[in-house]
Amino acid sequence: MDKKEAEKSLEEIKRHLRETEEELRKTGVCAVEIQFLWGILALVGLGLTVFLLGREWYNLIWLNWGCIMLVGSFFGYRIAKKIARMTGITSFAGKLIGMVWIGITVSIMLAMFILWATEYTDFFESVVALFIGVGFFVEAFVSWRAFIVAAILCWIGAVIVGLFPELVNTVFTFLIFGTMIVPAVVVKIRSRGKGL
């Protein structure tokens, strides 16, 4: 292979890499719909929890969050399938992030069941924040680096809720807005400006 052919091949490889990067960016922009969905569902779940606590219907809180998890999983899966159909992309990074979040969802559901069955619920909210922090941590290294901030916020929130359980609703409201809803809206707005 002579120098011109090598340079031509190198340029072709670079072009394919740029195209792949652009397609992954489009996939990531579409994936914030799942993040927004979970943020809205978490707010609904938190609101229902406050309502149920006010009525002293403690046993229904677990049912509330179980339903939130099932609804989120169902519609999250449907959105993920829609994204795959729209973009035609199924990347390793996308599969990895999806599997991490599925694993976290299953882990939270199992922790919720175990804590409900044992009636030891003191640190449940901290455990949830820790799991979600791990999801954002992994996602920061695979897709959008800014998710590292979301991971750190979740971990700080877990510590605050563990030490000051009376702040759980305030901390979780902040975490939902600060790590799920606001970033999803920002990404969507930025992507519209770039035509994605």
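What counts, and at which threshold
Residues numbered from 1 in each chain as written. Predicted model: local features only at pLDDT ≥ 70, side-chain atom pairs only at ≥ 80, totals over all residues. Heavy atoms only, no water. Helix = DSSP H or I, 4+ residues; strand = E, 2+ residues; numbered from the N terminus. Contact = heavy atoms within 4.5 Å. Axes fitted to C-alpha atoms, helices over the stretch in contact; angles between N-to-C directions. Parallel < 35°, antiparallel > 145°, perpendicular 65-115°, else oblique. Left-handed = near helix turned anticlockwise from the far one by under 90°. Nonpolar A, V, L, I, M, F, W, Y, C, P; charged D, E, K, R; others polar. Patch = residues over 30% accessible without salt bridge, like charges linked within 9 Å, V, L, I, M, F, W, Y side chains within 5 Å. Areas by Shrake-Rupley, 256 points an atom, 1.4 Å probe, with all protein chains shown as cover. Salt bridge = Lys/Arg side-chain N within 4 Å of Asp/Glu carboxyl O. Expected span 1.5 Å × (residues − 1). Buried < 20%, exposed > 50% of the residue type's maximum accessible area, 1.4 Å probe, protein only. Arc of directions from axis to C-beta. Core = buried A, V, L, I, M, F, W, Y, C linked by side-chain atoms within 4.5 Å. pLDDT = per-residue confidence, 0-100. Phe/Tyr/Trp six-rings, centres within 6.5 Å; stacked < 30°, edge-to-face > 60°.

### Points about the overall build of the protein
Next up, step 1: Tallying secondary structure elements over the protein gives six helices and zero strands in all.
Next up, step 2: In the protein, the order of α-helices and β-strands from amino to carboxyl end is α-α-α-α-α-α.
Next up, step 3: Put simply, of all contacts in the protein between residues at least 6 apart along the chain, 69% involve residues at least 24 apart.

### Re the packing of helix α4 (residues 124-142) against helix α5 (residues 147-163)
Next up, step 1: Running from N to C, α4 and α5 cross one another at 165°; their axes reach a closest spacing of 7 Å. As judged from the angle between their axes, α4 and α5 are roughly antiparallel. The way α4 lies across α5 gives a crossing that is left-handed. Residues Glu125, Ser126, Ala129, Leu130, Ile132, Gly133, Val134, Phe136, Phe137, Glu139, Ala140 and Phe141 of α4 pack against Phe147, Ile148, Ala150, Ala151, Cys154, Trp155, Ala158, Val161 and Gly162 of α5.
Next up, step 2: Here the contact of α4 with α5 is composed, by residue class, of 16 nonpolar, three polar and two charged.

### Details of a nonpolar patch on the surface
Next up, step 1: A contiguous nonpolar patch, built from Phe36, Ile40, Val44, Leu48, Phe51, Trp57, Leu60, Leu63, Val185 and Ile189 and spanning about 860 Å² of accessible area, is present on the exposed surface.
Next up, step 2: Elements that contribute at least two residues to the nonpolar patch include exactly α1 (3-54), α2 (59-87) and α6 (168-194).
Next up, step 3: With five residues, the top contributor of residues to the nonpolar patch is α1.
Next up, step 4: Summarising the element assignment, Val185 is placed in helix α6.

### Observations concerning α5
Next up, step 1: Its 17 residues place the ends of α5 24 Å apart at the C-alpha level, agreeing with the 24 Å of an ideal helix rising 1.5 Å per residue.
Next up, step 2: Phe147, Ala150, Ala151, Cys154, Gly157, Ala158 and Val161 are the residues of α5 that are buried. Angular distribution of buried residues about the axis of α5 spans 125°; they occupy a single face of the element.

### What about unusual backbone geometry?
Next up, step 1: The phi torsion at Glu56 lies on the positive side, around 60°, for a residue other than glycine.
Next up, step 2: Examined against the element boundaries, Glu56 turns out to sit in the loop between α1 and α2.

### Things to note about the nonpolar core
Next up, step 1: Within the largest apolar cluster, 29 residues are counted, with the highest numbers of intra-cluster contacts made by Ile108, Phe124, Val128, Ile132, Phe136 and Phe172.
Next up, step 2: Within the residue set of this core, elements represented by two or more residues are α1, α2, α3 (92-118), α4, α5 and α6.
Next up, step 3: Here this core gets seven residues from one element, more than from any other, and that element is α6.
Next up, step 4: Residues contacting Ile132, with those up to four places away along its chain left out, are Trp101, Ile104, Ile108 and Cys154.
Next up, step 5: Counting residues in hydrophobic clusters, the runner-up holds five residues, among them Leu37, Leu41, Ile79 and Ile83.

### Brief notes about the side chain of Thr49
Next up, step 1: With respect to the helices, strands and loops of the structure, Thr49 is situated in helix α1.
Next up, step 2: Look past the residues within four positions of Thr49 in its chain and what remains in contact with it is Ile61, Asn64 and Trp65.

### Considering the environment of Cys67
Next up, step 1: Summarising the element assignment, Cys67 is placed in helix α2.
Next up, step 2: Judged by relative accessible area, which is 40%, Cys67 ranks as partly exposed.
Next up, step 3: Spatially, the C-alpha atom of Cys67 lies 9.9 Å from that of Leu41, the residues being 26 residues apart in sequence.

### Notes on α4
Next up, step 1: Look at α4: 28 Å from first C-alpha to last across 19 residues, which is about the 27 Å you get at 1.5 Å a residue.
Next up, step 2: Listed in full, the buried residues belonging to α4 are Phe124, Ser126, Val128, Ala129, Ile132, Gly133, Gly135, Phe136, Glu139 and Ala140.

### Regarding the confidence of the model for the protein
Next up, step 1: Looking at the protein as a whole, its pLDDT mean stands at 81, while 88% of the residues score no less than 70.
Next up, step 2: In the model of the protein, α1 stands out as the element of lowest mean pLDDT, 78, in contrast to α5, which has the highest, 91.

### Some details on the packing of aromatic side chains
Next up, step 1: All chains considered together, the criterion is met by six aromatic pairs.
Next up, step 2: Taking the centre distance of 6.1 Å and the plane angle of 80° together, the rings of Phe51 and Trp57 count as edge-to-face.
Next up, step 3: The class of Phe51 is partly exposed, set by a relative accessible area of 38%.
Next up, step 4: Here Phe136 and Phe147 contribute two aromatic rings whose centre-to-centre distance is 5.3 Å and whose plane-to-plane angle is 20°, an arrangement assigned as stacked. Highlighted residues: Phe136 in helix α4 and Phe147 in helix α5, separated in sequence by eleven residues. For the pair formed by Phe136 and Phe147, the shared burial category is buried.
Next up, step 5: By the ring-pair criterion, three or more aromatic residues cluster together here, those being Trp101, Phe136 and Phe147.

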